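Structure at a glance
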Amino acid sequence: MDLFNGWTSVGNGNFTSSSGYIPTFTVPSFLNAQIVGIKILTDKAKPTWYTGAWVEQKVSTGLDSIPWITFSKKIGLGGNIIFFPQPVNNYSIDISFPTYFKTVSVGVWIQ
């Protein structure tokens, strides 16, 4: 991803499994972009590992305290460009990882 060409970092982190799995990473800001770039890396990935994470777009509706999932997608290891099908204001992103990951590095950008 060419981060010098209109991409803005909105979240990143490096995580290690301490309890058997890596907890869900929530992007720490509300987003408005319809195009999101997500990069997932893990140490010692086997050649048969294609799944990098599951991404959920969540929107607060005001109807209850639990955000509603409006879009969900499995993404691969490496760089991924996600086009959310409908423009939504002020959504958050949750990223969950396969249970067999012991370490993971994640970066999230918007355009």
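Up top is the structure these notes are about.
The structure presented is a predicted model; accordingly, all values stated were derived computationally and were not measured.

With that settled, consider the sheet that holds strand 2 (residues 25-26). Taken in spatial order, the 4 strands line up as 2-7-4-5 in an open sheet, and their pairing is antiparallel. Each edge of the sheet is formed by a strand with only one pairing partner; in this case those strands are strand 2 and strand 5 (68-76).

Here the focus is the sheet that holds strand 6 (residues 78-83). Pairing is antiparallel across the open sheet formed by 4 strands, whose spatial order is 1-8-3-6. The open sheet terminates on both sides in strands that have one partner only, identified here as strand 1 (8-16) and strand 6. Shown here is a sheet whose adjacent strand axes are inclined to one another by a mean of 15°, direction ignored. Pairing of strand 3 (residues 35-41) with strand 6, which is carried by 6 bridges, proceeds in the antiparallel orientation. Paired with isoleucine 40 across the two strands is glycine 78, which belongs to strand 6.

Okay, the side chain of threonine 42 next. Its location among the elements puts threonine 42 in the loop between strand 3 and strand 4 (51-59). Here threonine 103 takes part through its backbone oxygen, which lies 2.5 Å from a polar atom of the side chain of threonine 42. Ignoring any residue separated from it by four or fewer positions in sequence, one finds threonine 42 in contact with Trp49, Leu77, Phe101 and Thr103.

Below, the discussion takes up the nonpolar core. Formed by 27 residues in total, the largest nonpolar core has its most connected members in Ile38, Ile40, Tyr91, Ile93, Ile95, Phe97 and Val108. Looking at which element gives the most residues to this core, the answer is strand 8 (residues 103-110), with 4 residues.

What follows deals with the side chain of lysine 58. By the element assignment, lysine 58 lies in strand 4. Classification of lysine 58 as buried rests on a relative accessible area of 18%. Polar side-chain contacts of lysine 58 include one of 2.8 Å to the side chain of aspartate 94. In contact with lysine 58, other than residues within four places in its own chain, are Pro67, Trp68, Ile69, Tyr91, Ser92 and Asp94.

Parameters and conventions
- Residues numbered from 1 in each chain as written.
- Predicted model: local features only at pLDDT ≥ 70, side-chain atom pairs only at ≥ 80, totals over all residues.
- Heavy atoms only, no water.
- Pairing = 2+ DSSP bridges.
- Helix = DSSP H or I, 4+ residues; strand = E, 2+ residues; numbered from the N terminus.
- Axes fitted to C-alpha atoms, helices over the stretch in contact; angles between N-to-C directions.
- Polar contact = N/O pair within 3.5 Å; in protein donor to acceptor, adjacent residues only side chain to side chain.
- Contact = heavy atoms within 4.5 Å.
- Core = buried A, V, L, I, M, F, W, Y, C linked by side-chain atoms within 4.5 Å.
- Buried < 20%, exposed > 50% of the residue type's maximum accessible area, 1.4 Å probe, protein only.

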